[in-house]
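For reference, the chains in residue letters:
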Amino acid sequence: KARTVLLATEKAFAAAAVTKIEEVLKAANYTMKKLENYKSKDDLLAAVGDADAMIIRSDIVDQAVLDKASKMKIVVRAGAGYDNIDLKACEGKGITAMNTPGQNANAVAELVFGMMIVSARNNFDGTSGFELVNREIAFYGFGAVARAVHKLAQGFGMKSFAYDPYIPADKIKEMGAEPVSTVAGLFEHQYVSLHVPLTDETKASINKDLLGKMPKGGTLINTARLEVVHEADMLEILKTRPDFCYLCDVAPKDIEPFKAAVGDKYGKRLIFTKKKMGAQTAEANDNAGVAAANQIVGFFEKGETRFSLKA
Ligand code: 3PG
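Residues numbered from 1 in each chain as written. Predicted model: local features only at pLDDT ≥ 70, side-chain atom pairs only at ≥ 80, totals over all residues. Heavy atoms only, no water.

Caption draft 1: Region of interest: unusual backbone geometry. Here the phi dihedral of N37 falls at roughly 55 degrees; this positive angle occurs in a residue that is not glycine. Judged by relative accessible area, N37 falls into the partly exposed class, the value being 40%. Of note in the backbone geometry, A204 takes a positive phi value of approximately 55 degrees without being a glycine. Secondary-structure assignment places A204 in the loop between β9 (191-194) and α9 (208-211). (Buried < 20%, exposed > 50% of the residue type's maximum accessible area, 1.4 Å probe, protein only. Helix = DSSP H or I, 4+ residues; strand = E, 2+ residues; numbered from the N terminus.)

Caption draft 2: Quick peek at the sheet that holds strand β5 (residues 96-99). If you walk across this open sheet you meet the 5 strands as β2-β1-β3-β4-β5, and the pairing is parallel. A single partner strand is all that each edge strand has here, and the edge strands are β2 (31-36) and β5. In this sheet, adjacent strand axes meet at a mean angle of 20 degrees when their direction is disregarded. Sheet strands touched by helix α1 (residues 15-27): β1 (4-9), β2 and β3 (53-56). Its angle to β2, the strand with the most contacts, is close to 155 degrees. (Pairing = 2+ DSSP bridges. Axes fitted to C-alpha atoms, helices over the stretch in contact; angles between N-to-C directions. Contact = heavy atoms within 4.5 Å.)

Caption draft 3: View of the site of the ligand. Neighbouring the ligand are the residues K11, R57, S58, R77, G79, A80, G81, N104, R225, K276 and A279. A80 is positioned with one of its backbone polar atoms (N or O) 2.6 Å from an oxygen atom of the ligand. In isolation the ligand offers 320 Å² of accessible surface; the protein chains occlude 94% of this area. (Near = heavy atom within 4 Å. Polar contact = N/O pair within 3.5 Å; in protein donor to acceptor, adjacent residues only side chain to side chain. Areas by Shrake-Rupley, 256 points an atom, 1.4 Å probe, with all protein chains shown as cover.)

Caption draft 4: How the structure looks around the domain arrangement of the chain. According to the domain assignment, the chain consists of domain 1 (4-101 + 280-302) and domain 2 (105-272). Summarising the inter-unit geometry, the C-alpha centres of domain 1 and domain 2 are found 31 Å apart. (Domains from an automatic or database assignment.)

Caption draft 5: Region of the structure containing the pairing of strand β10 (residues 219-222). The two faces of β10 match: T219 and I221 on one face and L220 and N222 on the other face are all buried. Here β9 runs beside β10; their pairing, made up of 4 bridges, is parallel. Within β10, the position partnered with L194 by the bridge is N222. You can see the chain leave β10, run along helix α10 (residues 231-240) and come back into strand β11 (residues 245-248), and the turn it takes is right-handed. (Right-handed = clockwise from strand over helix to strand, strands pointing away.)

Caption draft 6: Molecular detail of the nonpolar core. Among the nonpolar cores identified, the biggest contains 31 residues, and F187, I206 and L220 are the most heavily contacted of them. By residue number, the principal contributor to this core is α10, which donates 4 residues. Once residues within four sequence positions are removed from consideration, L220 is found in contact with F187, V192, L194, I206, L211, M214, V229, M234, F244, C245, Y246 and L247. With 27 residues, the next largest nonpolar core counts A120, A146, I167 and Y191 among its residues. (Core = buried A, V, L, I, M, F, W, Y, C linked by side-chain atoms within 4.5 Å.)

Caption draft 7: Seen up close, a negative patch on the surface. Together, E227, E231, D254 and E256 make up a negatively charged patch on the protein surface. Turning to its location among the elements, E256 is positioned in helix α11 (residues 256-262). (Patch = residues over 30% accessible without salt bridge, like charges linked within 9 Å, V, L, I, M, F, W, Y side chains within 5 Å. Salt bridge = Lys/Arg side-chain N within 4 Å of Asp/Glu carboxyl O. Lys, Arg positive; Asp, Glu negative; His and termini not counted. Charge placed at Lys NZ, Arg CZ, Asp CG, Glu CD.)

Structural data, given as C-alpha cells:
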C-alpha cells in the first residue's frame, strides 16, 4: 500500500541524510513529504493531515498536532529523547510512537569531549590548562550515550563512575565503570555528565545541594536536557564558585545573566551551544534518520513494534 511519510524537522538533517531517508521510503513505494526548518507550529498542523507516518526530531507532537493527523499511524522520533511527544495523546488516538535509541550516541559523546577539552585548555587563550588523563567522570544515567562517553573516557585514561536506577551495579562494573549507589555520590567527582531523560522526577533535579558537593574544578556536562538542571541554582553556583564550570548543549532563553556570572571566562567556565548540537553530525543524521525510515517500513510491512514507547 502506498504511504505518505512526513519528515517534519524544525532543525533539518544534513541533505545527504534526507536523500538516504527518501531512498529507504521509495524502495517501499512510499512518498516522502518534507517540512524542514519550519518556523511556526501552524506549518506543522497544516502538513500532518495527509501523512500516514511522521519522522521528527525534537519537534513537539502534542494533542493539537495529533488532532490534525487523521491518517497518522506511527510517529518516529529520529533520536533518543522523547519528552517532546505526548505519549498519552498518541495512545488515545491509537498511534504508535517510537524512538531510535543509540543511533546518535557517538555524536553526543564526541561533543562531550569537545567541550571538556575546550574548557580544560581555557578556551585556547594561551594560558596553561590541564589534561584529562587520570581525572574522574561520573555518569548520571548509563544508557547508550553515557556508555559511548565512557568508552572515550577510557581512551583518555580517565576513571569512570556511574549511577543508573535501571542498571544493576554488577553490570556497570562489567562495563568498566565503578557503580555509585546514589545520585549524590556522583557529585564527589570532578566531572559529572548527565544522561537521564527529562521526566517529572528529573526536572530541575540537579540543584545546588548536589552541585555544591562538587570538588574544586567541578564541571557539570549537560548533553541531556536543559530543564534537568535547576536554572536559578546553577546561576548561583556560577556566581559564587569561581572554579565551577558548566558545559551545556543548548542555551537557556536568557543567557545574559549566565554570561555575566563568568565574565571573560566564557568558553572556560561556561559553554552554551547555539542550538542543540549533540546529534548534529552527518553520521548521526544518517543513522537516526535511516533507522526511523526503516522502522516505519517495518511497522507497516511486517508489523514490527520494536522500539515502541509506552505512555
Ligand atoms: C536526542 O534526544 O536524540 C538528542 O537530544 C538529539 O535531538 P535533536 O534531534 O533535536 O538534535
